[in-house]
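Coordinate analysis (summary)
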Amino acid sequence: MEQQRLDKVLAGQGTSSRREVKEWIRKGLVKVNGQVVRAADAKILPTDRLEVNGRPVDRREHLYLMLNKPLGVVSASRDDRDTTVVELVPEELRRKNLFPAGRLDKDTSGFVLITDDGAFAHDILSPRRHVEKEYLVRLDRPLTQEMVRRFAEGMTIGEDKCRPARLLPEADPLEGRVILQEGMYHQIRRMFAACGATVTALKRIRMGGLPLDPTLRPGECRELTPGEVEQIKAGRRPE
Ligand code: URA
């Protein structure tokens with residue numbers, strides 16, 4: 001296993017400079033596996049437990065969170081007017097550079113993945129990777145076989161050519177499930193509008209092979225396990 005300098009590892013967390021980190025170490029605020037270490041150049045292993053001022057240091061490279069987005073919240077890191085999905089992340093899970101991997105409209109609810117892993121986000125959002133996103137939709141009029149056919153053919157909405165999508169009717173004639181492999185601006189609302197229907201409710205219920213955790217209430221979020229992160233990617237194709 002590769003050894004690294006203690007001060008470099010701590011500064012690499014992104015919240016403090018190397019100079020600040022050296023100061024903590026000099027003051028005896030840093031522990032490695034429960035022992036105070038006062039040498040900035042001490043060599044540590046990736047498996048060593050670090051604490052600063054009594055607080056454990058999270059050494060994982062990236063964080064992956066599932067949020068059940070409530071209505072009225074915007075899919076952004078910061079916004080001057082509205083609450084953002086990143087602001088809903090509880091204090092203990094906050095990190096620098098968190099962002100939503102893919103946007104849901106302000107009036108769409110459900111599964112938003114929040115991460116600081118740009119490469120992963122690109123991987124699951126690129127239409128060329130074919131990672132499915134599934135939505136529950138409610139309309140102002142009954143869903144028709146004509147809509148199912150038009151979705152499956154690949155519709156053109158304005159300037160945008162949509163890839164073939166699946167529309168699956170639910171027991172309630174006003175409801176259906178939509179499965180997309182891309183995410184254009186207001187895509188589902190625009191696809192239904194092109195069929196003469198208005199979307200009255202929209203919720204994302206799955207990303208890739210991972211369904212929205214039904215125990216998460218609107219506004220709640222939790223960390224994903226490494227297995228769940230893999231589940232999101234399951235089924236994607238090489239670019
Ligand atoms: N399609 C939409 O129209 N809105 C969303 O939020 C997601 C997909």
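Whatever comes next refers back to the structure up there.
This section reports on the structure supplied with the text.

**Some remarks on the site of the ligand**
The local shell around the ligand consists of L104, D105, T108, Y135, H186, Q187, I188, R189 and L202. In this structure, D105 approaches the ligand through a side-chain N or O atom, which is 2.7 Å from a nitrogen atom. The backbone of Q187 places a nitrogen or oxygen atom 3.3 Å from an oxygen atom of the ligand. According to the grid-proximity analysis, the pocket containing the ligand is the second largest pocket. Its residues placed into classes, the shell around the ligand shows four nonpolar, three polar and two charged.

**Quick notes on helix α4 (residues 145-153)**
Within α4, the full set of buried residues consists of M147, V148 and F151. All buried residues of α4 project into a common sector of 100 degrees when viewed along the axis, lining one side. Exposed side chains of α4 directed beyond 90 degrees from the buried face belong to Q145 and E153. Structurally, α4 contributes buried residues whose contacts are with β10 (133-139), β13 (166-169), β14 (175-180) and α5 (187-194).

**Structural notes on the pattern of salt bridges**
Between side chains of opposite charge, pairing is possible as soon as their charged atoms come close. Enumeration over the complete set of coordinates arrives at 28 salt bridges. Put simply, E23 and R26 hold a salt bridge, and the shortest N to O gap is 2.7 Å. Of this pair, E23 and R26 both sit in helix α2 (residues 18-26), three residues apart, roughly one helical turn. A residue is classified by how much of its surface remains accessible, and R26, at 51% relative accessible area, is exposed. For R190, the salt bridge identified is with D160, shortest N-O distance 2.8 Å. Here D160 lies in strand β12 (residues 160-161) and R190 lies in helix α5, a separation of 30 residues in the sequence.

**Overview of the sheet that holds strand β2 (residues 30-32)**
Pairing in this open sheet of four strands is antiparallel, and the strands run β3-β2-β5-β6 from one edge to the other. Each edge of the sheet is formed by a strand with only one pairing partner; in this case those strands are β3 (35-36) and β6 (55-56). By the bridge criterion, two bridges tie β2 to β3 in an arrangement that is antiparallel. When the bridges of β3 are listed, V32 appears paired with Q35.

**Let's talk about the environment of V32**
Within the secondary structure, V32 is located in strand β2. For V32, a relative accessible area of 11% gives the class buried. With 148 residues separating them in the primary sequence, V32 and L180 have C-alpha atoms 47 Å apart. For V32, the residues in contact, after removing those within four places along its chain, are L6, V37, I44, D48, R49 and L50.

**Thoughts on the pairing of strand β7 (residues 64-69)**
Burial runs high along β7: six of the six residues are buried. Of the two faces of β7, the one holding Y64, M66 and N68 and the one holding L65, L67 and K69 are both buried throughout. Looking at chain direction, β7 and strand β9 (residues 109-115) are connected through six bridges and run antiparallel. Bridge pairing links L65 to I114 in β9.

**Looking at helix α3 (residues 118-125)**
F120, A121, D123 and I124 are the residues of α3 that are buried. Down the axis of α3, the smallest arc covering the buried residues is 160 degrees, so these residues share one side. Buried positions along α3 lie against β7, β8 (99-100), β9, β10, β15 (199-207) and α6 (226-233). Here α3 starts with a cap whose side-chain oxygen sits 3.3 Å from the backbone nitrogen of A119, and that cap is D117.

**Structural notes on the nonpolar core**
Of all hydrophobic cores here, the largest spans 34 residues; its most connected members are I114, F151 and F192. Among the elements of the structure, β7, β9, β10, α4, β14, α5 and β15 are those that each provide at least two residues to this core. Setting aside its immediate chain neighbours within four residues, F151 contacts R163, P164, A165, L167, V178, M191, F192 and C195. I124, M207, L224 and V229 belong to the second largest nonpolar core, which has 16 residues in total.

The rules behind these values
- Residues numbered from 1 in each chain as written.
- Predicted model: local features only at pLDDT ≥ 70, side-chain atom pairs only at ≥ 80, totals over all residues.
- Heavy atoms only, no water.
- Near = heavy atom within 4 Å.
- Polar contact = N/O pair within 3.5 Å; in protein donor to acceptor, adjacent residues only side chain to side chain.
- 1 Å grid on protein atoms, 1.4 Å probe; cavity = no way out; pocket = protein on both sides within 12 Å on 5 of 7 lines; lining within 4 Å.
- Sits in = over half its atoms within 2 Å of the grid points.
- Nonpolar A, V, L, I, M, F, W, Y, C, P; charged D, E, K, R; others polar.
- Buried < 20%, exposed > 50% of the residue type's maximum accessible area, 1.4 Å probe, protein only.
- Helix = DSSP H or I, 4+ residues; strand = E, 2+ residues; numbered from the N terminus.
- Arc of directions from axis to C-beta.
- Contact = heavy atoms within 4.5 Å.
- Salt bridge = Lys/Arg side-chain N within 4 Å of Asp/Glu carboxyl O.
- Pairing = 2+ DSSP bridges.
- Core = buried A, V, L, I, M, F, W, Y, C linked by side-chain atoms within 4.5 Å.

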